[in-house]
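Per-entry structural report
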Amino acid sequence: MLGLLLLQVLASCLWLGHSEVVTSFASCPQFFYEGMTPNDVLNPTNPAWICQRYSNSYHYATLYDRDRRIPVYSAYIYQPRYDKIPQTWFFVEPQLITENNLKEMEREWVLIKQYNFTIDQIKDSQAILEDYEKMAGLDRGQLCPSDHQDSTESKTATFALTNAVPLDSSLYTDQWNTYVSDMMSEKSKGCATTYVITGAVPGNIQVGGGRVNSPSYIWSAACCLVGSHPWKAWGAIAENYKNKVEILTLGELEGRLSMHYRGGMVTLFNNACPRQ
């Protein structure tokens, strides 16, 4: 009887170890306005809800598609600081590997050498560095950009492959970069707090040796607060492999995404932010 009890306790501990990737963002609601996440229309068939944790802190939240091995979206608070850190892609997500109690993003080699995982276990439900090394003309496009974070730890945490999608290099380094760097700064002037959700619409192209989906579109939505009240909102969308970004109202962006997903009306801030 004692042995059975100990096994039950151990099983409970292992389950609690998965508490960061479960079926909600209960551990990190602070990255969504009033804790309200996008509705289920965006949810993939095999999702993972990741509270992105590094150095014992949460830095942003990501809904991840295990089958396509790309994020659906990352949500964060816009707090730009433009000092640079080395752009080294450090991390994969151990919580996407079965049967472990690791709660923080980690380097592939650490998982292999210190925790005895195999590379096949790591890459089963997520992209790895080798996948991106096989891609030509594509960049690891951050959904939560490092420049939108205000500390070295938060910036470092954005260099996780669970926060990246394969984007056309011309788009990512030119017009999308202009939106992320310049237009976000301009449009957020006067905002006390700006909540951002940036996502990718799955495409029909598989890259990285056929393992990783290259999205058809990248998009972003922002809700700007003055004090504690929503003041304005906006959206942006760009077709992958075309170097052009459209600036939209939040309502227009939700309508566009609804057409792409064809599963019902997409709502990104639970109708709490201005649509027009």
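Refer to the structure printed above.
As a starting point, this report considers the structure included with it. In this text the structure is predicted, and so the values were computed from the model without any measurement.

Rules used in this analysis
Residues numbered from 1 in each chain as written. Predicted model: local features only at pLDDT ≥ 70, side-chain atom pairs only at ≥ 80, totals over all residues. Heavy atoms only, no water. Helix = DSSP H or I, 4+ residues; strand = E, 2+ residues; numbered from the N terminus. Contact = heavy atoms within 4.5 Å. Phe/Tyr/Trp six-rings, centres within 6.5 Å; stacked < 30°, edge-to-face > 60°. Buried < 20%, exposed > 50% of the residue type's maximum accessible area, 1.4 Å probe, protein only. Core = buried A, V, L, I, M, F, W, Y, C linked by side-chain atoms within 4.5 Å. 1 Å grid on protein atoms, 1.4 Å probe; cavity = no way out; pocket = protein on both sides within 12 Å on 5 of 7 lines; lining within 4 Å. Points joined across faces, edges and corners; volume = space filled by probe spheres on them. Nonpolar A, V, L, I, M, F, W, Y, C, P; charged D, E, K, R; others polar. Pairing = 2+ DSSP bridges.

1. What to know about the side chain of Asp65
Relative to the assigned elements, Asp65 resides in strand S3 (residues 57-65). Residues within four places of Asp65 in sequence aside, it is in contact with Pro44, Asn46, Ile70, Pro71 and Val72.

2. A short note on the packing of aromatic side chains
Enumeration according to the criterion identifies seven aromatic pairs in this entry. Where Phe25 meets Tyr73, the ring centres are 6.4 Å apart and the plane angle is 50°; that geometry is what we call tilted. On the criterion of sequence distance, the pair formed by Phe25 in the loop between strand S1 (21-22) and strand S2 (47-54) and Tyr73 in strand S4 (residues 70-77) is long-range, its members being 48 residues apart. Here the two residues Phe25 and Tyr73 agree in accessibility, since each one is buried. Seen from their ring centres, Trp176 and Tyr179 are 5.4 Å apart, and the 40° between their planes marks the pair as tilted. With Trp176 and Tyr179 both in helix H7 (residues 175-187) and three residues apart, the pair spans about one turn of that helix. By the burial criterion, Trp176 is buried, and Tyr179 matches it.

3. Let's talk about the nonpolar core
Side chains that are nonpolar tend, in soluble globular proteins, to be buried together. Counting residues in hydrophobic clusters, the biggest one holds 50 residues, and the most contacted among them are Trp176 and Tyr179. With four residues, H7 is the single largest residue contributor to this core. Each residue touching Tyr179, except ones within four places of it in the same chain, is listed here: Met184, Ser220, Trp234, Ala236, Val245 and Ile247. Listed in part, the 35 residues of the second largest apolar core include Tyr195, Ala221, Leu248 and Tyr261.

4. Details of the layout of surface pockets
In this structure, the largest pocket spans a volume of roughly 300 Å³. For the lining of the largest pocket, the elements supplying multiple residues, two or more each, are strand S7 (138-142), helix H6 (169-173) and H7. Broken down by element, the residue count for the lining of the largest pocket peaks at four residues, all from H7. The residue inventory of the lining of the largest pocket, partitioned by class, reads six nonpolar, six polar and three charged.

5. Some thoughts on the side chain of Arg211
The topology assignment puts Arg211 in the loop between strand S10 (205-207) and strand S11 (212-214). Discounting residues that sit within four places of it in the chain, Arg211 has contacts with Arg68, Arg69, Lys123, Gln126, Ala127, Ile128, Asp131 and Gln206.

6. Comments concerning unusual backbone geometry
Even without a glycine there, the phi angle at Ser55 is positive, about 55°. Inspection of the secondary structure puts Ser55 in the loop between S2 and S3. At Asn56, a residue that is not glycine, the phi angle is positive and equals roughly 65°. As for its position among the elements, Asn56 is in the loop between S2 and S3.

7. Re the pairing of S3
The element S3 is extensively covered by neighbouring structure, given that seven of its nine residues are classed as buried. Across eight bridges, S2 lies against S3 in antiparallel orientation. Pairing of Pro47 across the sheet is with Asp65, part of S3. Between S2 and S3, which pair antiparallel in sequence order, lie two residues; one of them, Ser55, sits at a positive phi of approximately 55°. Where S3 meets S4, five bridges bridge the pair, whose relative direction is antiparallel. When the bridges of S4 are listed, Leu63 appears paired with Tyr73. Linking two consecutive strands that pair antiparallel, namely S3 and S4, is a turn of four residues; a positive phi of about 60° is found at Arg69 within it.

So far we have only geometry, and geometry alone does not tell us how the molecule works.
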